[in-house]
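# Structural description and commentary
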Amino acid sequence: MSDYENQLALQLKLTGHADVVTELRFADGRRFRFDVALPAHQLAVEIDGGCFNGGRHVSAAGIRSEHEKSYLAALYGWRVIHVLPEDVRSGVALARIEKVIRGCGG
C-alpha cells in the first residue's frame, strides 16, 4: 500500500466515510485490487502514480492488465475513477470522489 493510498483513505475517513477499504480485491478468483474503495457506493479510486516513474503501468502487459481490470470492475458494477498523487495531496481527489457520490455533473 502506498503513502497516497493511506493519505486518501484517511481523508475519506475524516470526512465521514467509515467504509473505506484499501487494496480491495473485487473479482472472485482474481488478483486485481482497487487502491481505495468505498464499497457502500461501489466506487473505486485508482491512484496512477506509476506512469510517471516507469512502473508496470507503462508497459504493454501492464496496460493490457489495467484494461482487463477496468472491464471486470464494470462487469461487477463498480465505478472507477483515476487520480494522480498530486490530486491526493491537493484535495482534488477527495473533491472528485464527493462529486461522484453526490452524482453532481460538471
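These numbers come from a predicted model, not from an experiment.

On to the sheet that holds strand β1 (residues 21-25), then. With respect to topology, 4 strands assemble into an open sheet ordered β1-β2-β3-β4, the strand pairing being mixed. At either margin of the open sheet sits one strand with a lone partner, and together these are β1 and β4 (79-83). For this sheet, the mean angle separating the axes of adjacent strands, direction not counted, is 45°. Each of β1, β2 (33-38) and β3 (43-47) is contacted by helix α1 (residues 3-14), which is oriented at about 10° to β2, the strand it contacts most.

On to a nonpolar patch on the surface, then. Residues Tyr-71, Leu-75 and Tyr-76 make up a contiguous nonpolar surface patch of about 340 Å² in total accessible area. With respect to the helices and strands, the residue Tyr-76 is situated in the loop between α2 (60-75) and β4. Overall, Tyr-76 belongs to the partly exposed group, its relative accessible area being 35%.

Moving on to the packing of aromatic side chains. Per the stated rule, a full pass over the model turns up 3 aromatic pairs. Ring centres of Phe-26 and Tyr-76 lie 6.3 Å apart, and the angle between their planes is 90°; this geometry places the pair in the edge-to-face category. Of this pair, Phe-26 sits in the loop between β1 and β2 while Tyr-76 sits in the loop between α2 and β4, and the two are 50 residues apart along the sequence. Here the aromatic rings of Phe-34 and Trp-78 are separated by 5.0 Å at their centres, their planes lie at 55°, and the arrangement is tilted. Within this pair, whereas Phe-34 is found in strand β2, its partner Trp-78 is found in the loop between α2 and β4, the two being separated by 44 residues in sequence. The burial state of Phe-34 is the same as that of Trp-78; both residues are buried. Put simply, the rings of Phe-26, Phe-34, Tyr-76 and Trp-78 touch in pairs and so form one group of aromatic residues.

Conventions and cut-offs
- Residues numbered from 1 in each chain as written.
- Predicted model: local features only at pLDDT ≥ 70, side-chain atom pairs only at ≥ 80, totals over all residues.
- Heavy atoms only, no water.
- Pairing = 2+ DSSP bridges.
- Helix = DSSP H or I, 4+ residues; strand = E, 2+ residues; numbered from the N terminus.
- Axes fitted to C-alpha atoms, helices over the stretch in contact; angles between N-to-C directions.
- Contact = heavy atoms within 4.5 Å.
- Patch = residues over 30% accessible without salt bridge, like charges linked within 9 Å, V, L, I, M, F, W, Y side chains within 5 Å.
- Areas by Shrake-Rupley, 256 points an atom, 1.4 Å probe, with all protein chains shown as cover.
- Salt bridge = Lys/Arg side-chain N within 4 Å of Asp/Glu carboxyl O.
- Buried < 20%, exposed > 50% of the residue type's maximum accessible area, 1.4 Å probe, protein only.
- Phe/Tyr/Trp six-rings, centres within 6.5 Å; stacked < 30°, edge-to-face > 60°.

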